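# Summary of structural features
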Amino acid sequence: MAKRKRLTPLALPEGGMIDAPVGKVPDHVLRQRAPIAGVAQDTARTSALEELSDTLVRARAEGRMIEALPLDQIQTDHITRDRVAIDDEEMKALKQSLSARGQQTPIDVVDLGTGRYGLLSGWRRCTALQALHSETGDARFAQVLAVLRPITEASDAYVAMIEENEIRVGLSYFERARVVAETVDQGVFKDDQTALRALFATASRAKRSKIGSFVGVVRAVGGALRFPQALGERAGLKLAKGLGTHPGLAQVIADEWLKTPPANVALEQDRLMALCDRAADNGAAAATRADGPALPQGVQLKDKGAGRVTLSGTGVDAAFKAALQRWLSENGHG
């Protein structure tokens, strides 16, 4: 009994079907396919590509896509930077990391149009990549990984920069205050309090108050100091108080720093604190001379704050104490 051959259905140009033995399908039939099936496949393929394209466009517009941009298209001075300086060792370590492992964290930019991008955060990374490209000529350092942020207001740009740097590197009080002063001076915010609340919305009220005190330091002597970013919290608040109490102190600092610039951080801090102490002593002595007996030679008066003063020196003897007590009694302070 002869073995029956298995038949397979064939697709015809008209969409009909015929049965033919396997391996015996005419070539002209194999080259044909049902029009309806082809249209459906093309439509599905086009729809998938459009959906993918829309997804990529949305991701880029919403700041969820990392892309490589030419480094020379990044405008690093788009906004005033919050970082005042970079330590040499810190920059050296960053360059070594970029050279060995590549860029691990993207920068944030805003599209300025005409192929230019304004830097929001990542100034250190851009600076390190620029240095590496200049030193090596390696093409891999000519690009930077970036995320395009949907920023429309200048205030939003500064908030984005502050938020990123607060998380990653931690700013000094002077650096924070400098951004507050700059944004107010540029008209981004109407006054210091508005800038403080917007830029440091997540900070405590006490922290914002301290930053506000440093704003006075920035405006009074920020341009004269050589190592302002190293000004610690306690020293900075003392300097802010001195500048607020003794208006002439700012000019004294500017004159002395112009004449003899401090060679290092420690010298600058010591000189600032000494000038604050001297201004406080001179101010207290002047107030005493105006309202009471003049201080004799060898007596120093120091304002301790909170309504307290101290008298010290070789002139504070029994006769001085008796005279002071008598004056206090006569003026209703006994």
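Residues numbered from 1 in each chain as written. Predicted model: local features only at pLDDT ≥ 70, side-chain atom pairs only at ≥ 80, totals over all residues. Heavy atoms only, no water.

### Quick look at the overall build of the protein chain
Selection rule: A run of H or I in DSSP counts as a helix once it spans at least four residues, and a run of E counts as a strand once it spans at least two, with each numbered from the N terminus. Classification of residues uses two cut-offs on accessible area relative to the type maximum, computed with a 1.4 Å probe and protein chains only: under 20% is buried, over 50% is exposed, and between them is partly exposed. Whether two residues touch is decided by their heavy atoms; if any such pair falls within 4.5 Å, the residues are in contact. Here the Shrake-Rupley method, with its probe set to 1.4 Å, supplies the accessible areas, and only the displayed protein chains count as covering residues.
Across its full length, the protein chain carries 12 helices and nine strands. Buried positions account for 33% of the 334 residues belonging to the protein chain. Within the protein chain, contacts between residues separated by at least 24 positions form 61% of all contacts whose residues are at least 6 apart in sequence. Per element, the accessible surface of the protein chain, about 20,000 Å² overall, is 52% carbon and sulfur.

### Let's talk about the environment of phenylalanine 227
Position of phenylalanine 227 relative to the elements: it lies in the loop between helix 8 (205-221) and helix 9 (233-245). Sequence separation between phenylalanine 227 and proline 262 is 35 residues; the distance between their C-alpha atoms is 8.9 Å. In contact with phenylalanine 227, not counting residues within four places along its chain, are Pro262, Ala263, Asn264, Val265 and Glu268.

### A word on the confidence of the model for the protein chain
Which entries qualify depends on this criterion: Per-residue confidence from the predictor is reported as pLDDT, which spans 0 to 100.
Summary statistics for the protein chain give a mean pLDDT of 77 and a share of 67% for residues scoring 70 or more. Confidence, read as mean pLDDT per element, is least for strand 1 (residues 7-11) in the protein chain (51) and greatest for helix 8 (93).

### Here's the deal with unusual backbone geometry
Within the chain, threonine 114 stands out as a residue other than glycine whose phi angle is a positive 50 degrees. Within the secondary structure layout, threonine 114 lies in the loop between strand 5 (107-113) and strand 6 (116-121).

### Quick look at the packing of helix 6 (residues 173-185) against helix 7 (residues 192-199)
Quick note on the threshold: Under this scheme, a helix contributes an axis fitted over its contacting stretch, all axes are lines through C-alpha atoms, and angles between N-to-C directions fall in the 0 to 180 degree range. Oblique is the label for any angle not under 35 degrees, not over 145, and not in the 65 to 115 range, which are roughly parallel, roughly antiparallel and roughly perpendicular in turn. Throughout, a crossing is termed right-handed when the near helix is turned clockwise from the far one, and left-handed when it is turned anticlockwise from it by less than a right angle. Residue polarity is assigned by list, with Asp, Glu, Lys and Arg as charged and Ala, Val, Leu, Ile, Met, Phe, Trp, Tyr, Cys and Pro as nonpolar; anything else, Gly included, falls into the polar class.
Where helix 6 meets helix 7, the axes come as close as 9 Å, and the angle between the chain directions of the two elements is 120 degrees. Relative to helix 7, the element helix 6 lies oblique. The chirality of how helix 6 crosses helix 7 is right-handed. On helix 7, the residues that touch Val179, Val180, Thr183 and Val184 of helix 6 are Asp192, Ala195, Leu196 and Leu199. The residue makeup of the contact of helix 6 with helix 7, split by class, is six nonpolar, one polar and one charged.

### Some thoughts on the nonpolar core
The criterion, for reference: Only buried Ala, Val, Leu, Ile, Met, Phe, Trp, Tyr and Cys residues count toward a nonpolar core, and they belong to the same one when joined by side-chain atoms within 4.5 Å.
Core analysis: the biggest nonpolar cluster contains 43 residues, and Leu199, Leu239 and Ile253 have the highest contact counts within it. Going through the elements one at a time, helix 5 (154-168), helix 6, helix 7, helix 8, helix 9, helix 10 (249-259) and helix 11 (265-291) are the ones with two or more residues in this core. Leaving out residues up to four positions away in the same chain, isoleucine 253 has contacts with Val221, Leu225, Leu239, Leu243, Leu272 and Leu275. In terms of nonpolar packing, the next biggest core, distinct from the first, is built from 18 residues, Leu94, Leu98, Val109 and Leu129 among them.

### Details of the sheet that holds strand 6
Where we set the bar: Note on pairing: two strands pair once DSSP finds at least 2 bridges between them.
Pairing is mixed across the open sheet formed by five strands, whose spatial order is 3-7-5-6-4. Lying at the two open borders of the sheet, with one neighbouring strand each, are strand 3 (66-70) and strand 4 (74-75). The pairing of strand 3 with strand 7 (residues 143-148) spans five bridges and is antiparallel. Bridging from a neighbouring strand, glutamate 67 pairs with alanine 146 of strand 7. Strands strand 4, strand 5, strand 6 and strand 7 of the sheet are contacted by helix 4 (residues 123-136), whose axis makes an angle of about 125 degrees with strand 6.

### A closer look at helix 6
How we decide: Helix span, as expected, comes to 1.5 Å for every residue beyond the first.
Between its first and last C-alpha atoms helix 6 spans 18 Å; for 13 residues at 1.5 Å apiece the expected length is 18 Å, and the two agree. Among the 13 residues of helix 6, 10 are classified as buried, and the element is accordingly described as predominantly covered. Taken as a whole, helix 6 has its buried residues at Tyr173, Phe174, Glu175, Arg176, Ala177, Val179, Val180, Ala181, Thr183 and Val184. Looking one or two residues beyond helix 6, the residue adopting positive phi is glycine 187, at roughly 85 degrees.

### Comments concerning the packing of helix 7 against helix 8
Contact geometry of helix 7 with helix 8 gives a least axis separation of 11 Å together with a crossing angle of 130 degrees. Taken together, helix 7 and helix 8 sit at an angle that is classed as oblique. Handedness of the helix 7/helix 8 crossing: right-handed. Counted together, Asp192, Leu196 and Arg197 of helix 7 and Arg208, Ile211, Gly212, Val215 and Arg219 of helix 8 form the full contact between these two elements. Taken together, the residues of the contact of helix 7 with helix 8 sort by class into three nonpolar, one polar and four charged.

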